[in-house]
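Chain by chain, the residues run as shown.
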Amino acid sequence: MNDQGETVLNLLLFSVGGVYFGIDSEQAAGINAYQGEEAGDLFWFHNEMGFGDATVKYLSPTVITIRCPDGQPYRVIIDLMEDIREITATAILPFPPLLEPFALRKGMWGVLPVEGRMVLLVDFMRILREKRVVAARHGG
Amino acid sequence: MKLLLRPAKQLMNSLTYSRKMFVAGIFLCIPTLLLAYFLVTNIYEQITFSARERIGVRYAASLDSLLQAVIDSRYAAVWGGKPRIPVDQALAGLAEVDSALGVELGMGESFKTLKTKLPDPRGGATLQTIGAHDTFAAELLEMKVQVADRSNLTLDPDIPSYYLMDALITKLPPLAETVSRAAIVASRLSGGPESQVGNRAELLLLSGGINTLVDALKKDIRTAAGADAKIRDRIQKPLLELETAMAAFQRELKGQRTVGLTRSGMEATDAVFRAASQLSPVLDELLGSRISALQLKMSVYLSLSLVAFLLGIYFNLACYLSVKEGISAVHDAARKVSSGDLTVEARLSSKDEIGETCGMFNTMTENLRRIIVTLAEVTEKIHANSGAIASTMDQQSGFATQLSSSVVEISSTMEEFSSTASQIALHSQAVVERADKTLEDTKNGAAEVENLTFKVNDISGTIQANLSEIVELGRKSKEINKVMEIINNIANQTKLIAFNAALEAASAGESGKRFGVVAVEIRRLADSVVESTSEIEGKITEILDAVNRLVMSSEKSFQLIQEGQDYASHTVVMLIESVDGVEETTSAARQISLSTQQQQIASSQVVLALKDIEQGVRFSTDSIHRTNGVTEELFNLSEQLRDLVMTFKVGREGEQETASGVEPR
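Residues numbered from 1 in each chain as written. Chains lettered and ligands numbered in written order. Predicted model: local features only at pLDDT ≥ 70, side-chain atom pairs only at ≥ 80, totals over all residues.

**A short note on the overall build of chain A**
So, step 1. A count of helices and strands for chain A gives three helices and nine strands.
So, step 2. Counting helices and strands in the order they occur from the N terminus, chain A gives β-β-β-β-α-β-β-β-α-β-β-α.
So, step 3. Taken across its 140 residues, chain A has 24% of its residues classed as buried.
So, step 4. Here the contacts in chain A between residues at least 6 apart in sequence split such that 58% fall between residues at least 24 apart. (Helix = DSSP H or I, 4+ residues; strand = E, 2+ residues; numbered from the N terminus. Buried ≥ 20, exposed ≤ 12 C-beta atoms within 10 Å, placed from the backbone. Contact = placed C-beta atoms within 7 Å.)

**Things to note about the overall build of chain B**
So, step 1. In terms of helices and strands, chain B carries eleven helices and zero strands.
So, step 2. Sequence-ordered secondary structure for chain B, helices as α and strands as β, is α-α-α-α-α-α-α-α-α-α-α.
So, step 3. The burial tally for chain B puts 28% of its 665 residues in the buried class.
So, step 4. In chain B, 79% of the contacts between residues at least 6 apart in sequence involve partners at least 24 apart.

**Quick look at the nonpolar core**
So, step 1. Counting residues in each nonpolar core, the largest one holds 76 residues, and the members touching the most others are Leu 164, Leu 168 and Val 272 of chain B.
So, step 2. Contributing elements (two or more residues each) for this core: α2 (17-79), α3 (87-105), α5 (127-150), α6 (159-188), α7 (193-227), α8 (232-255) and α9 (258-338) of chain B.
So, step 3. A per-element tally of this core places α6 of chain B first, with 16 residues.
So, step 4. Beyond its immediate stretch of four places on either side in the chain, Val 272 of chain B contacts Leu 172, Leu 175, Ala 176, Val 179 and Leu 242 of chain B.
So, step 5. Counting residues in hydrophobic clusters, the runner-up holds 37 residues, among them Leu 11, Phe 14, Ile 78 and Leu 128 of chain A. (Core = buried A, V, L, I, M, F, W, Y, C linked by C-beta atoms within 7 Å.)

**Looking at the sheet that holds strand β3 (residues 28-33) of chain A**
So, step 1. Strand order in this open sheet of four strands is β3-β5-β6-β4 (chain A), and the pairing throughout is mixed. Pairing within the sheet leaves two strands with one partner each, and these edge strands are β3 and β4 (42-44) of chain A. The average undirected angle you get between the axes of adjacent strands in this sheet is 30°.
So, step 2. Pairing analysis gives three bridges linking β4 of chain A to strand β6 (residues 75-78) of chain A, with the strands arranged parallel. Each bridged residue has a counterpart across the sheet, and for Phe 43 of chain A the counterpart in β6 of chain A is Val 76 of chain A.
So, step 3. Sitting on the sheet, helix α10 (residues 353-508) of chain B touches β3 and β5 (62-66) of chain A, and the angle it makes with β3 of chain A is about 175°. (Pairing = 2+ DSSP bridges. Axes fitted to C-alpha atoms, helices over the stretch in contact; angles between N-to-C directions.)

**Considering the interface of chain A and chain B**
A common way to report how large an interface is uses the accessible area buried once the components associate.
So, step 1. Listed as interface residues are eleven residues of chain A and, on the opposing side, nine residues of chain B.
So, step 2. Elements represented by at least two residues in the side of chain A that touches chain B include exactly β3 and β7 (81-88) of chain A.
So, step 3. With five residues, β3 of chain A is the single largest residue contributor to the side of chain A that touches chain B.
So, step 4. Classifying every residue of the side of chain A that touches chain B gives five nonpolar, five polar and one charged. (Nonpolar A, V, L, I, M, F, W, Y, C, P; charged D, E, K, R; others polar.)

**Regarding α8 of chain B**
So, step 1. Given a rise of 1.5 Å per residue, 24 residues ought to cover 34 Å, and the 34 Å separating the end C-alpha atoms of α8 of chain B matches this to within 8%.
So, step 2. Taken residue by residue, α8 of chain B has Ile 235, Pro 238, Leu 239, Leu 242, Ala 245, Met 246, Phe 249, Glu 252 and Leu 253 of chain B as its buried positions. (Expected span 1.5 Å × (residues − 1).)

**What about the confidence of the model for chain B?**
Residue and element names in this part refer to chain B.
So, step 1. Taken as a whole, chain B shows an average pLDDT of 82; of its residues, 95% reach a score of 70 or greater.
So, step 2. When the criterion is pLDDT under 50, residues 660-665 qualifies, and its contacts beyond four places in sequence or with other chains add up to nine contacts.
So, step 3. Interface confidence for the predicted complex, given as ipTM, is 0.79, next to a pTM of 0.46. (pLDDT = per-residue confidence, 0-100.)

**Topic: the packing of α2 of chain B against α6 of chain B**
Helix packing geometry: the angle between the two helix axes and the distance between the axes.
Residue and element names in this part refer to chain B.
So, step 1. Where α2 contacts α6, the two axes come as close as 11 Å, and the packing angle between them is 0°. By the criterion of interaxial angle, the relationship of α2 to α6 is roughly parallel. Residue-level contacts link Ala 60, Asp 64, Leu 67, Ile 71, Arg 74, Val 78 and Trp 79 of α2 to Leu 168, Ile 169, Pro 173, Ala 176, Glu 177, Ser 180, Ile 184 and Ser 187 of α6.
So, step 2. Of the residues belonging to the contact of α2 with α6, the class tally is ten nonpolar, two polar and three charged. (Parallel < 35°, antiparallel > 145°, perpendicular 65-115°, else oblique.)

**Here's the deal with the sheet that holds strand β2 (residues 19-24) of chain A**
All names here are of chain A.
So, step 1. Taking strand neighbours across the sheet as the criterion, the five strands line up as β7-β1-β2-β9-β8 in an open arrangement whose pairing is mixed. What marks the edges here is a single partner per strand, and that holds for β7 and β8 (108-114). For this sheet, the mean angle separating the axes of adjacent strands, direction not counted, is 35°.
So, step 2. With six bridges connecting them, β8 and strand β9 (residues 117-122) associate as antiparallel partners. Bridging from a neighbouring strand, Pro 113 pairs with Met 118 of β9.

Here is the structure:
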């Protein structure tokens, strides 16, 4: 809450493939430069978001370590880090009802207009839960 | 020959063709008619001739009858008795014949005279009476000869008829008279010796005369019979009887028996007159046959002449019509052609010269038509060409005038050129001097260029050194760039650290806000460093580009300087060669000076020649004007010729067009 009694959020803003995204800074445990390493808990953002076969070029790949409640490692490779900005909850716009089920299924829960740009807000926890549900269904 | 034919030719030239044909036909038919006329006339004369002979034969037969009656009367006077044929009756018969035929033969006077001498039959056997009979018989014989002469019997052209006539006129009557007198004389011998002296001698003479006449008669009869076999039997039989009677009479004369002499004398006399009566029809038949033959001949001649005449007229008319048709065809066609109608065709089917003339006329008309058509086309072309020539001549006239003025201008220009040539001669001398100066300058220039070459070599070395320095500068700029990359990496790491610090500050809550402000400032500082390094990288990149361009430019400059060195070397060589060229130029300038002076003289001559040309152009202009007049006259003449040609009509069948083939313009 801020001084005016409004709910505020600290959003970590970044871009992948020219599209701006934002996550709650509470979900980021750390940020490191990507050194080309590969690991089972390291995922490319475009694969996590289901960009499909589209080729995504990362100019400055950066690894975000997601803070998981159960302590399981979960890291996502994003591109340029843009900013860490404090915003009020009223500035966040929900998806249209027609698109919201599909957007939530991809982990996107709102839209934030910033300086004429549209930032898609992503919930890595929801993505992780979806992955684990899917893995459970497939016996893995 | 021509002189002989000239009048006839003049006559024919003055006549139309139909009259020519008429005159020619007349003069061709007249000879036929004349020939037929002469032939028929000749035959007619022969018929008349023979008819007159037949009249003579008939008249002579009457005279024979009278002679027989006279002889019989004399027998009666001498020997008594009555004459068998009365002299009056015989004379009446002769008178009847004379009234019918005497006028034709002109025997009127002779017959009158004869009648006055007629003996009296009542005189008895006196010597006077007998002498009267003798005289009358002699008159009869003479009259018979006259009849023979006047009836053309003595001129008979055929042998049988002529000898029969001779037997009938000159042999048989005298024979009868001689036999009669011999019988009378022989009868006197019985009177006594005194009467025998004179009578016997006379009887001898008469007997000899009888023999002579009989021989002559036989000769005549044989000749006539030999010439015509058809009458042979008819005339030989009386002759045989006559010969028999004469032989009997001769035997009685030798026996001197009075009774026998009288009877045989009368029989001999009768035999003579019987022979005469038998020969006379034969002669008449011969003459009749001749007349019939002549009449047939005349009829044939007349028929042939008439047929020939009619055929001549027929073919003459056919020839006239044929020729007239041909001439009319040619005449009509020629009349149309003379009026300018060349489409006419002379139609004639005959194959004679006129038909060929028609064909040749048609060919001639066709050729003339082609000629006229060609002439019309040629006239059109001449007309068009003469018009074109006239306009061309007008243009040429204008050109000639312009040429004349141009020549005048050229002439004046050449005069100016001549004066200019004098100036050029002066200037060329100056050029010679300038060329000498140029030669000196060129030698100096060669030396300067050689010095320039050395200087360029120095510059080349300097540029090469600069190029090495620039390359070194580029390499150092790249090293700076690497340093800037390191700085940038550091700034990025700093930025990440600042982000992590901001995250930690955000997670620290209210207590981490101050630390978050520091983290934000560090991140902004890192961003500034990144931006600065980016700008530095951009500048260094620009420097590297500039260095590269400078290197490339220096290399290009070095190449250019190298080429400049080459060019300078070539220039030196060329300047050395130019020295030779300038020397030649100087020599050429001198030659030019001399040539210019000669050109000055030549240009003066050209001025004179141009004046001659100007005069020639003036003459040419006058000639063109005259030619223009002639061309206009030619144009007018071609127009007249076209009008003349258009008077001819040369269209094909069913077409009507003028000779030019197009509407007259």
